[in-house]
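# Chain and residue survey
Spelled out, the chains give:
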Amino acid sequence: MQKLLDLISEKVGEAFAAEGYDSELGRSSVSSRPDLCEFQCNGAMAGARQYHKAPFMIADAVAARLGADEESIFESAESVKPGFLNLKLKKSFLASYLVKMSRDEKFGLQIPEKEKTIIIDYGGPNVAKPLHVGHLRSAVIGEALKRMGRYCGDKVIGDIHLGDWGLQMGLVITELRHRYPELVYFDDNYTGEYPEEAPFTVSDLEEIYPTASRKSKEDEEYYKEAMENTHLLQEKKRGFYALWQKIIDVSVADLKKNYRNLDVDFELWNGEASVNDIIPGMVDKMKAEGHAHESNGALVVDVAEDSDPKEIPPCIILKSDGAALYTTTDLATILDREDKFDPDEILYVTDKRQELHFVQVFRAAHICGLVRPETELRHVGFGTVNGKDGKPFKTRDGGIMRLETLISDINDEMLAKIKTNPDIPSDEAETTARQVAMAALKYGDLSNQASKDYIFDMEKFCSFEGDTGPYILYTMVRIKSILGKYMEQTGKDKAALKELEVRGAQSAAEKNLQMSLARFSEIMRNAWDECAPHKLCAYIYELSNCFNSFYHETRIMPEENEEKRNGWIALLVLTLGILEASTGALGFSAPEKM
Ligand code: ARG
């Protein structure tokens, strides 16, 4: 289905053309003065310059033509000095548009004929280090983008890109060796199979890594040993590599559990290590083709461009000791993805402080021909999660806030709220609370423009009123409850409800709601194109407000005129459908009661 705004623009464009002007001038937008009109077109202003005419003359002619059209989709089209066109839609047209939307599985959203293949690189946790609040955003934003992309008809693959190959692995191995030198992994003469079971648990690891990290900062010898062990691991020294595999197994099992708690999942669990073997070949090729050259002992690719306002330093491929870096694994990963998936786009969701890194990597990837020239590499950088003091969010005693703690805190807060509702059986309270808490957490994050910092305000996020996840869910639950009553009273089932048709709006509030619904496909498409989940959040907030205003002034169930009531029920079904599609794309859902 054509987007509402495109349809309006097309109709206004036809009127421009019929008056002898460029039809492009008909581009219309949602009114910035909703008290005056619903849509506006400023094309006559632009046309005035093009045709050397007073803008109102053009606007007058177009308005008159639109007004004279019997079949017009507009109830009114007014020319307003100096040359604006103020437009209002016919109620019957709007209703018929919504009926068509209701009949469409995706509510009128057009699916491109050729799907794009897009890889989203998000999550990015580092093995053996616990997830903290900083990992929340990557997971939540990345998952939302993945689901939005899929809804819009693209093939989207999520890759967690584990940090599993750097110094932190060498540190853990070093510390294990100090503690348990007798382990078979450290016996160079051992040739047998290594034990099935890991010699540590995830909680051991969580203590081992910080200890090792601290020691390496205090003790030069220890640091050197860790560097050496990292190097040996990267050369796949047998015992180290087997031990490393155990660290990965234990960590990944724990990570999976944590991400599941956030309803986040990945198609690919690759990491930096998975591309280790293709680095040498890639580097040789870069050298042979003259893209990489030596500079102060290191191997680099120059990525600066004349138009750079700030100098972009060369991208380092190998350090002077020959070691690969974060950049190197990212480049090799691009090569690997190109090889396996031939993606049209790769999106990276990380902290925005990594921006320079990605500028260098993306440029180097294109310069070295690791991807097709038209492959889009895009960084979605996000801001910091702050506490109420405006500083990075910490625990009460100033420590790093673990993601697990944060999730359980918000679950507890929500459970206390849900328990005050006597309608919810106590055995359901916990599940419901978790579902609503997830919406609170995710919406609290996603409703902010990703690149901006935001304040983690548990009380605000959990509130059932205002611009929050629970408010959106509350609206959905309200609709479900009315529909439930309606089905009970009429004996109709869900399928029968879908057959009902939206009718022409009978009040301003109803028309507002209808207009908001009609914009769904435009908003969803745009939010995905711009990688901007906050735009979808802003939309469902507005839609919920429109619904609640309509609900408060309309007595739906007591209405005796059956046609009227059925029209409203159809409107509710559509509103719920669109809210479900949107929240689903954002990564959360509504319970039956809350
Ligand atoms: N592990 C990295 C970190 O903690 C994030 C990885 C992001 N993805 C990437 N392809 N570089 O900073």
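Quick look at the structure, then. Quick caveat, the model's predicted, so the values are computed rather than measured. Within any chain, residue numbers begin from 1 and follow the written order of that chain's sequence. Only residues with pLDDT of at least 70 get local features here, since the model is predicted, and only at 80 or more are side-chain atom pairs given and counted; chain-wide, interface and lining totals rely on the full set of residues. Note: side-chain values were computed over all heavy atoms of the structure, leaving out hydrogens and water.

## Details of the sheet that holds strand β9 (residues 315-318)
The condition that has to hold: Following DSSP output, two strands are said to pair if at least two bridges run between them. The helix and strand labels rest on DSSP assignments: H or I over at least four residues marks a helix, E over at least two residues marks a strand, and numbering proceeds from the N terminus. Where helices are involved, their axes are fitted lines through C-alpha atoms of the stretch in contact, as for all axes, and angles between N-to-C directions lie from 0 to 180°.
The sheet built from three strands is open, its strands ordered β7-β8-β9 with antiparallel pairing. Looking along the sheet, the strands with just one partner apiece sit at the ends: β7 (292-295) and β9. Strand-to-strand twist across the sheet, computed as the mean angle between neighbouring axes with direction ignored, equals 45°. Pairing analysis gives four bridges linking β7 to strand β8 (residues 298-301), with the strands arranged antiparallel. Along β8, the bridge assignment pairs H293 with V300.

## Focus on the nonpolar core
We count it as follows: Nonpolar cores are built from buried Ala, Val, Leu, Ile, Met, Phe, Trp, Tyr and Cys residues. Side-chain atoms within 4.5 Å join them into one set. The buried label applies to any residue whose accessible area, calculated with a 1.4 Å probe on protein chains only, is under 20% of its type's maximum; exposed applies above 50%, and partly exposed to all values in between. Residue contacts are defined here by distance: any two heavy atoms, one from each residue, within 4.5 Å place the two residues in contact.
Counting 163 residues, the largest nonpolar core has V12, L89, L145 and F456 as its most contacted members. Of all the elements, helix α21 (residues 562-586) adds the most residues to this core, at 13 residues. Among residues more than four places away in sequence, those in contact with L89 are L4, I8, E38, F39, I73, F74, E75, L94, K511 and M515. Counting residues in each nonpolar core, the second largest holds 30 residues, with V283, M286, I334 and I346 among its members.

## Side note on the pairing of strand β4 (residues 84-89)
For strand β2 (residues 39-41) and β4, the ladder comprises three bridges, and the chain directions are antiparallel. Its bridge partner lying in β4, F39 is registered against L87. Alignment of strand β3 (residues 74-80) against β4, held across six bridges, turns out to be antiparallel. Counted as the bridge partner of E78 is N86 from β4. Between the antiparallel neighbours β3 and β4 lie three residues.

## Re the sheet that holds β3
As summarised here, the arrangement of the four strands in space is β1-β2-β4-β3, forming an open sheet in which the pairing is antiparallel. The sheet terminates laterally at β1 (28-30) and β3, the two strands that pair on one side only. Taking each pair of neighbouring strands and ignoring which way they run, the sheet shows an average axis angle of 25°. Summarising the sheet, β1 and β2 pair through three bridges and their orientation is antiparallel.

## Description of helix α13 (residues 403-418)
Our working definition: Expected helix span is given by 1.5 Å per residue-to-residue step, counting one fewer step than there are residues. Arc definition: directions from the helix axis to the C-beta atoms.
The end-to-end C-alpha distance of α13 is 22 Å, a good match for the 22 Å that 16 residues give at a rise of 1.5 Å each. Turning to α13, its buried residues are L403, L406, I407, I410, N411, M414, L415 and I418. Buried residues in α13, looked at end-on, bunch into an arc of 165°, giving them a common side. Buried-residue contacts for α13 involve α5 (133-151), α14 (426-446), α15 (458-462) and α16 (469-490).

## A look at the pattern of salt bridges
Rules: A pairing counts as a salt bridge when a side-chain nitrogen of Lys or Arg comes within 4 Å of a carboxyl oxygen of Asp or Glu.
Evaluation of the coordinates by the stated rule reveals 41 salt bridges. With a shortest N-O distance of 2.8 Å, R179 and E175 are connected by a salt bridge. In this pair, R179 and E175 are both assigned in helix α6 (residues 167-179), four residues apart and thus about one turn of the helix distant. For E175, a relative accessible area of 2% translates into the label buried. Between D351 and R353 there is a salt bridge; the shortest N-O distance is 2.6 Å. For R353, a relative accessible area of 68% translates into the label exposed. The structure contains a network of salt bridges with shared partners spanning E143, K146, R147, R150, D263 and E267.

## Focus: the site of the ligand
So the rule is basically this: The criterion for a residue being near a molecule or strand is simple. One of its heavy atoms has to lie within 4 Å of it. Side-chain atoms alone can form a polar contact between residues adjacent in sequence; in general such a contact is a pair of N or O atoms within 3.5 Å, and within protein one must be able to donate a hydrogen while the other accepts it. Residue burial considers only the protein chains on display, and all accessible areas are found by Shrake-Rupley using a 1.4 Å probe. Nonpolar residues are Ala, Val, Leu, Ile, Met, Phe, Trp, Tyr, Cys and Pro. Charged residues are Asp, Glu, Lys and Arg, and all others, Gly as well, are polar.
Taken together, the residues surrounding the ligand are D121, G124, N126, H161, Y326, D330, Y348, T350, Q354 and F358. D121 is positioned such that a nitrogen or oxygen atom in its side chain is 2.9 Å from a nitrogen atom of the ligand. Relative to its unbound accessible surface of 350 Å², the ligand loses 84% to contact with the protein. Mapped by element, the contributors of at least two residues to the shell around the ligand are α11 (326-341) and β10 (345-351). For the shell around the ligand, a count of residues per class yields three nonpolar, five polar and two charged.

## Brief notes about helix α8 (residues 220-234)
For α8, with 15 residues, the first-to-last C-alpha span of 21 Å sits near the 21 Å given by 1.5 Å per residue. Within α8, burial applies to Y222, A226, N229, T230 and L233. Viewed end-on, α8 has its buried residues packed into an arc of 105°, placing them on one side of the element. Turned more than 90 degrees away from the buried face of α8 sit E220 and E221, all of them exposed. Near the N-terminus of α8, the side chain that reaches the backbone nitrogen of E221, with its oxygen 3.0 Å away, is that of D219. Of the residues flanking the end of α8, it is K236, one or two places downstream, whose phi is positive at about 60°.

## Observations regarding the packing of aromatic side chains
Given two aromatic rings, their pairing is described by the distance between the two centres and the angle made by the two planes. Under the convention used in this document: Working definition: a ring pair exists when centres of Phe, Tyr or Trp rings (six-membered ring for Trp) sit within 6.5 Å. Plane angles under 30 degrees give stacked, over 60 give edge-to-face, the rest tilted.
All told, the structure shown has 25 aromatic pairs when counted by the stated rule. With 5.5 Å between their ring centres and 80° between their planes, F266 and W269 make a pair best called edge-to-face. By relative accessible area, which is 23% here, W269 ends up partly exposed. Judged by centre distance (5.4 Å) and plane angle (40°), the rings of Y348 and F362 are tilted. Here the residue Y348 occupies a position in strand β10, and F362 occupies one in helix α12 (residues 355-367), the gap between them amounting to 14 residues.

## With respect to the packing of α13 against α14
When two helices pack together, their arrangement is given by the angle between the helix axes and by the axis-to-axis distance. Let me state the cut-off plainly: Angles below 35 degrees are treated as roughly parallel, those above 145 as roughly antiparallel, those between 65 and 115 as roughly perpendicular, and all remaining angles as oblique. Helix crossings fall into two classes, left-handed where the near helix is turned counterclockwise from the far one by less than a right angle and right-handed where it is turned clockwise.
One way to put it is that α13 packs onto α14 with a least axis distance of 8 Å and a crossing angle of 120°. Put simply, α13 runs oblique to α14. As for how α13 packs across α14, the hand of that crossing is right-handed. Packed against α13, whose contacting residues are L406, I407, I410, N411, M414, L415 and I418, the element α14 presents A429, E430, T432, A433, R434, V436, A437, A440 and L441 at the interface.

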